[in-house]
Every structure is written in C-alpha cells, then in structure tokens.
Amino acid sequence: MSDLNQIHTALDRLFNQDGQRIVFWNDPDREFLNLLPFLSLDGVTTLRLDEVGALEAKIRLEREVPTGKFLLYAPTEEPDPQEDWLLDVRLYSEGFRADRASILLQELGLLTLSLREHLLKYRKFFDAKERLQKLKSLVNPDDAAPDLDRKMMAVVARADQPELFNLVRTLFHAFLEAGGEVDLDEPPAAWGLMEKFDLDQPFWQMVKASFGYEDDNPSLRNFLLRLLVTDFAYHLRGDVPQALAGLVLPRHGWSNAVVCLAQWRDSSSKGASYDRLTAAAAAILKLEDHLGPLEGNQLIDVMTFLLVEKRIAHSLRELIRSTVATVNAGEVRQIALRRQSGHWATQAVAGSDFAPREALHAVYEALIAAADFYALRNEHQHGFSFANASEMYRAYVDELFRFDQLYRHFCESADVAEARGWNILKPLRSEIEAHYVNGYLTDLALGWGKFFEAPDGLLSHWQIEGVPNQYRFYDRSVRPWLDEGDNRRAFVIISDAFRYEAAEELAAELNGKYRFEATLSSQLGVLPSYTALGMASLLPHKSLACKGTDVLVDGKSSSAGSRDAILQSVGGAACKSDELMARKKEEGREFVKDKRVIYIYHDTIDAVGDVDKTEGKTFEGVRSAIRELADLVGHVVNNLNGHYIVVTADHGFLFTEDEPVATDKSKLEQKPAGTVLAKKRYLLGQHLPDHEAAWHGQLSVTARAEGEMEFWIPKGTNLFHFVGGARFVHGGAMLQEIAIPVLTVRHVRGKSAQETKTRPVAVQVLGANHRITASRHRFELIQMEPVGERLKPMTLKIAVCENGEPVTDTQTVTFESTSANMEERKKWVSLALKDRPYDKKTQYRLVLRDAETGVEQQSVEVIIDRAFTDDF
C-alpha cells in the first residue's frame, strides 16, 4: 500500500475530494524521500520543510499564495507544539502519513491515530480492496479498536450488521452453507476466514465479555451448546438436570444468551438454521434422556428445543387423559395457545422436517378440542333428559351440536398431525372416539328416541313447535323476501349433507367479513333424510309425491336435470356452484339479470362421504365445504350484486372415525315385501310391516308427500345389514341428520355497514412509570374486550426497544380470551434485558407490534435504571 500510486491516490483524495488546501506529511524514517521528486499532483505545490524555513513557508502559505494548495513534507517527526512555528497552520490543515497503517487510517476516515498499530495486525484482511470497501461503509470516524474488530468480522462473515449478536447467529447460520447434514464438529467456511485474518481471538474475547463463555480451546460447537443449555435453564421452572448443569454459562451472561437466541429464532432470514442446529445440538446433548423427569408445567416457558415442544404436548395430552371427569378446559387452552404462539408451533413461519409447525399447531388444536369436548360432556354427565321433543331439539341447535363440532375439530387436527408423522394423539384419539360413540351418540339417541315411540310421538305428526319444516322452506325463507318488491332477487345455496354444526362455523366466518351479516336458524328436515326427498322439499311447490324412487314436485320429476324447469315457474333458475364460480363477472351478471331466484347446488361433503373409498375423508370434505361456501357467498355478493342469500342443505349426516361393530347393526336380516329402495339408514316401500328394530312411518306425515309410500329407519344410530359402507351415513332421524341449517346472509350497506367491520381486540399495557432495575422484568397487559364475531384475537410481538431496536428478547403473545371478566383477560409478559450499558436518561419504549403485519399497536415509555449488575 506504500508505493507511489497509492500515495498519489491518498493525497489526491485529501486535496480534491476532502477539499484540503494544506497537507502536512511527516516522514521521520525518510522512507519516501526518494519518491518525492516523482510525485506530481495537479495544482499542488510541494515544499520541503527541511529546505524551506518555517517563516518563509508561512509567508508563502498565507501572504504570497493564500489560496494555493501545498504539500508540506518534513523528513522528521512533528515538532512539539511549543516549538512549532507552523502550529496555527497545522491546526486548520490535515496530516498525512504514507506508511500502510496511516493510509488505511485515512482511507477509513478514522480519527484515532493510535489505531495505526492496531491496523497493522490485520494486514491479511486489507490485502483485498473489496474487503476494504465494505469495511469503509461500516466505519465511523470515532470507532475504537473493538468497534473496528466487530466490523471486520461482519465483513468476513457477511453479517447484516456489525453487531455481536448478529455476528453470532450469522456464523451459526453458515453451518448450513455446506449443504447436507449439519456437522457441528466441522466449522463453516466463514469461521475459517475469521481464523485466516486473525479475527478469531478478538471474537472470543467479545464472546467472553458478553456471554461469559471461555474455554482453553473455544469452538462454535461448544459455544452453541452452552448458549442453548443456558436459554433452557433460564426459562425452566426448576433445577437444570445435573448432566446439563455444567454447560450453563456464568450468570452474568444469561440475559445476553437469552436475547441472542430469541433474536435468532425470530429472524426471518436465519430462523431455519436455528431449527436445524438445535436438532443437532439436542442429539449431542442426549436431551431426550434428560427431559424425562421434568413435568410439562416446568417447561411451559422453554422454547429452546423441538424436543421440549414434544414433551409439553405429551404432558398436556396426559393431563387431559388423567382429568377427563374434571378437566380444566381453560387451562388447557391457555397452555396450548401459549405454545402455538411460540417458535415451534406458530403458523406465521413456514415449517420443515426439522420444525413441523403445521403438525405441532394441529396437535394443540386437537388438545383444545378434546378438553372442550370433555368439559361439555361433564356438563351433561347424566345424559340427555328433556321434557319434550321441542326442548331437546332446541338444546341441540343451541348447544349440543358442539359435541359433533368438537369431535370433528379434534379428528381434523389429529389427521393433519398424523399425516406428518406425529402420532402423539393416538391414545387420546381412541378415547375421544369411545366417548363420542358410546357416550354422546348413544345417550343422544336414547334421549331423542323417547319422542318417537310414544303413541302420539313425532312419527305421528312430525312437527316441533316453533321450528319450520323443511318442506315449507321456499314459502318461509324465500318467497317473503321476493314479495317485498319486484326488484328483489334471492340466491339459495344448497350444499348436500351440510349439517348444522358446520353451518354454525360458516356463520361465524361470514360474520367476520366486512358488510356481511349472517343469521343462523334451523328447520326440521324431512324423514327419511335422504337427498332426493330433501332436495325436492326445498324447491317451490304446492305438492310433493313419490313415484317409485323419484320425488315429484307438482307432478314433475325433481331430479337434478329437472330443477331448472321447476324454478322457471317462479322466474328462477338452477345451476351448479362450480359452473357459476367459473363464469366471469359479466357472464355471471348476464346469467342472473332476469332471474328472481337462483338455486345454486353445491356438493362437496356428500361427494366425499357417500363413497366407500373416500368416506374416511368426510371431515376434510366439511372443511373444504365451509371454505368453498364462504367463497361462493362472497362471489354472489361481490360479483353478482347479491343482497340476500340463504345457505341450506337437503340433509345432515352421521360420521364416526371407527367402523361400526356388529352391535351397531340392526336386527333386520332381509328386506320386507314391498321394498322399493333400501339404504344404510332407511328403507322405502309400501305396506311395510312393523318391526321392533325399526321406526315405521309414512312420508305423507314426515314430508307431506302424497301417496302411500312408507319407510323404515333403524332406531338410534343403528344401520341395516344389507348395504355396504358404514362410517358416513344419513337417512335416519338423529338430530345430526334432520336439524337442517338455514343460514341467511345479507349484504349490509350504508351506515349499518360500519357495524360489520371487524378488527383485532385492543391490548393495553397496565401501570405507569415503568422502571427496569433488574435483568428480567415483567409487564402486565390487558385485553380490553372479549373476542367475538367482529372482534378477532390479536397476536403481538413484545419487546423493549431503543430507537426501534430491541434491547430485550421478543415475546410473542396471543390475546384470545372470550371472557367478559377483565381479570381473566390479563396476561404477564417477562422480558430478559440485554447485558450492556444503559442510561436512565435515554428514552426506551415497550413496543407492542402486530405479529402478522409488523404494525406498532402501542408503545409506552420505559426507564432502564441498572445501578448494578445482578444475578437475578
């Protein structure tokens, strides 16, 4: 760096880029005296102070050529200030050294001359102009030696910022660059460069100062293990297993270890390496052997290892299994949601083989559903006893349907987990199945069956007070809307086998949309509850009749191909949902413009469930149906100008995970004479005899269908022997089959639309004058209102920041309480403070950010007053 060209470049920058008029060049070793005659700088006069006296030089500089540029060369050291005749000139001028370190000092713009010797240690680093240029972009004029070291490390490691924590996670992340399996014993290439440029020792010195890690032979592998064990120990509620205790860092390094790893976990660019490296570290530590004695509640705050997540999920499962009769569903939900907000089970970060987040999230969803299922069961531990059919029917549509909904939610989530190799729910799954089938369904069937067998039971009149019958659907739910004005148009969406509990979930989803208002009611389905009869009863008609297996509407066939003609009589039309969705907006509007009522037929659940090969995916079909119906309603409103939509079904269904056993089959061995149609859950015919295993009724009573058609349906949840397939069934009289949803959706406009806006719940920090005096501090927060249809849960990332940068770890917390009690909506958040100097006069803030959008929701002033370092 000390040849003529480099000296010329450095001096040219001083005169022409930095705008200096006078530059002093002291060369005490006379190293560059011979080069001086060859130095040519445009517009610059060179004066040798050993040949020109100080007075003569001063006259030339200030009187003769007061605006000229001068290079003042002296083959000596700078004189003492008391003896320097040119001191005043020197003070407003620039000094220059031509040795390598001095030129580097000047190129980097560093003001601390003592750094010259420090720079000489890193000659290898400065051999490449690219590294020098990158370093120049990071350096500040007043940087000291440690600052310079960190920034050189950042250049070598390609860290985003020249900050130690960033540098640490960048070096760890570099283990992935080799590809293949992670080998913690094989340092990454970036570490090889750190050693090559003699930056390894200053790195370990910084690590010792910040984390307390020191070793005779320090390595990234051992440093990582100790960081992880320390983070584990910090959050563990109890003593660290003896085998790991020796790896815990000194106490003064704990908070920095916690903050550093929290930032690594939270890093969008480097979080994946955390997942993989911690898996390798857990194997080295034999962590699984040490977790055995620890209880789940001791680990609840630990996010360090995936194995901990497995242990907590296992513990929560066993908590539910061991407290079935007294389960605290609120406690289970609180723990599960806490873990779902954490690193391993969050849905905000993509999963991988090393972090199966979707599966883990599903495990906790299943555990919540299981706890809620048992809690509901415990409220009805004595079965279902009601005074009359009306009371029991209303109990079902008000509350009891949640048994079916929670069972579905549990099975759905368990399927997701097991599909990704997580079989942790299997023991609980078999128990839930037993409680659902042998407990709930059996008790429900017994309670409901009582209202069929009395001489004046439901089969004799098929009416429930206050509940409209399905065969009056058009007259009660469609015609009144159309009669309000000639410009009224109604859209009717009929989803095959869409039962009440799924409609309740769809209603909640639609009520969470802006300008949508969904109201759920029910109607008493026709009996038997099968497709042809249910579909016919929903059409506008004056009469229904059965002719063989066909159901006639006003004398016309009601098969799928005939419904459009029936609807034309009321100015309507029929179409399939997928065909309507496929139309472009203008095509869709053209289709509906001269229609008063459009029936849209949707078939996702029945298409999956009523086929032997796919019936096991029934609940997947329900989930798809809810999603598709929400999209369909949105399409009608937004693209077809629909303002009134009714979503209903032809029938519901029964479904169990396990195949029915022999005792679930009825005693009927063969079809009676007169049978016209025989299915799993019903039989149609004429002049049917009575049978002790079946309920015997007439379609003229249960569907107002003319003719002499009669039916058998097996009692309770039983099935007939003579058809295959058994898990997905319908046609019977169980409430799941005949409580038909009527979901009315209106497009709200004007001022009323403002009331349909949805937003997350508000969260506030409680207290004032927040002062942090220790390395760990707790803040209390409150969810200001309960979660509801229009008020959604809020997930926040919470940290104390200085100028937007966290100085603590970042905690992710979800506020999802539906409680009206404010005390139950409070949460504590514990934050670890980074170990570094703080000024109590500096403004720090506790910042709450929306975890999804990153938008700041609230911040409050915090004073950090660390008078001394503690050991918490």
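Refer to the structure above for everything that follows.
Residues numbered from 1 in each chain as written. Predicted model: local features only at pLDDT ≥ 70, side-chain atom pairs only at ≥ 80, totals over all residues. Heavy atoms only, no water.

K.L.:
Would you explain the sheet that holds strand S12 (residues 644-648) in this entry?
P.N.:
On the basis of which strands lie adjacent, the open sheet formed by 6 strands has the order S6-S20-S12-S5-S11-S10 and mixed pairing. Here the strands that pair on one side only, and so sit at the sheet edges, are strand S6 (516-524) and strand S10 (572-576). Between one strand axis and the next, the sheet turns by 20 degrees as a mean value, whatever way the strands run. Here strand S5 (residues 490-495) pairs with strand S11 (residues 597-602) via 6 bridges, running parallel. (Pairing = 2+ DSSP bridges. Helix = DSSP H or I, 4+ residues; strand = E, 2+ residues; numbered from the N terminus. Axes fitted to C-alpha atoms, helices over the stretch in contact; angles between N-to-C directions.)

K.L.:
Just checking my understanding: could you explain the packing of helix H7 (residues 145-157) against helix H10 (residues 200-211) for this structure?
P.N.:
How two helices sit against one another is set out by the angle between their axes and by the gap between those axes. At a minimum axis distance of 10 Å, the contact between H7 and H10 shows a crossing angle of 115 degrees. Accordingly, the angle class assigned to the pair H7 and H10 is roughly perpendicular. Once H7 is placed against H10, the crossing between them reads as left-handed. In contact with Pro 146, Asp 149, Arg 150 and Met 153 of H7, H10 contributes Pro 202, Phe 203 and Met 206. Per-class residue counts for the contact of H7 with H10 are 5 nonpolar, no polar and 2 charged. (Parallel < 35°, antiparallel > 145°, perpendicular 65-115°, else oblique. Left-handed = near helix turned anticlockwise from the far one by under 90°. Contact = heavy atoms within 4.5 Å. Nonpolar A, V, L, I, M, F, W, Y, C, P; charged D, E, K, R; others polar.)

K.L.:
Help me understand the packing of aromatic side chains, please; the structure alone is not making it clear to me.
P.N.:
What characterises a pair of aromatic rings is the spacing of the ring centres plus the angle enclosed by the ring planes. If you walk through the whole model with that rule in mind, you get 38 aromatic pairs. Each ring, one from Phe 619 and one from Phe 655, has its centre 4.8 Å from the other, and the planes form 65 degrees; the classification is edge-to-face. Here Phe 619, found in helix H30 (residues 618-640), pairs with Phe 655, found in strand S13 (residues 654-655); they are 36 residues apart in sequence, far enough to count as distant. Of the two residues, Phe 619 and Phe 655, both sit in the buried class. (Phe/Tyr/Trp six-rings, centres within 6.5 Å; stacked < 30°, edge-to-face > 60°. Buried < 20%, exposed > 50% of the residue type's maximum accessible area, 1.4 Å probe, protein only.)

K.L.:
How should I be thinking about the side chain of Glu 785 in this particular structure?
P.N.:
If you trace the backbone, Glu 785 turns up in the loop between strand S24 (776-783) and strand S25 (791-792). One polar contact links the side chain of Glu 785 to the main-chain amide nitrogen of Ala 762, over a distance of 2.7 Å. Once you skip the residues sitting within four places of it in the chain, Glu 785 turns out to touch Arg 759, Val 761, Ala 762, Leu 791 and Arg 825. (Polar contact = N/O pair within 3.5 Å; in protein donor to acceptor, adjacent residues only side chain to side chain.)

K.L.:
Can you help me understand the nonpolar core in this one?
P.N.:
The tendency in soluble globular proteins is for nonpolar side chains to be buried side by side. Of all hydrophobic cores here, the largest spans 233 residues; its most connected members are Phe 203, Phe 211, Trp 448, Phe 498 and Tyr 599. With 15 residues, the single largest contributor to this core is helix H20 (residues 389-419). Beyond its immediate chain neighbours, meaning those up to four positions away, Phe 211 contacts Leu 164, Phe 165, Val 168, Phe 223, Leu 227, Leu 249, Pro 250, Gly 253, Asn 256, Ala 257 and Cys 260. Residues Val 761, Tyr 844, Leu 846 and Leu 848 belong to the second largest nonpolar core, which totals 25 residues. (Core = buried A, V, L, I, M, F, W, Y, C linked by side-chain atoms within 4.5 Å.)

K.L.:
It is not clear to me how the layout of surface pockets should be interpreted in this structure. Could you clarify?
P.N.:
Unoccupied space between atoms shows up once a probe the size of one water molecule is rolled over them. Taken as a whole, the second largest pocket spans an internal volume of roughly 970 Å³. Contributing to the lining of the second largest pocket are 34 residues, with Arg 237, Ile 300, Asp 301, Gln 334 and Arg 338 lying nearest its centre. Listing elements by their share of the lining of the second largest pocket, those giving two or more residues are helix H11 (220-235), helix H16 (296-299), helix H17 (306-322), helix H18 (329-340), S24, strand S28 (811-815) and strand S29 (826-832). If one sorts the elements of the lining of the second largest pocket by residue count, S29 sits on top with 6 residues. (1 Å grid on protein atoms, 1.4 Å probe; cavity = no way out; pocket = protein on both sides within 12 Å on 5 of 7 lines; lining within 4 Å. Points joined across faces, edges and corners; volume = space filled by probe spheres on them.)

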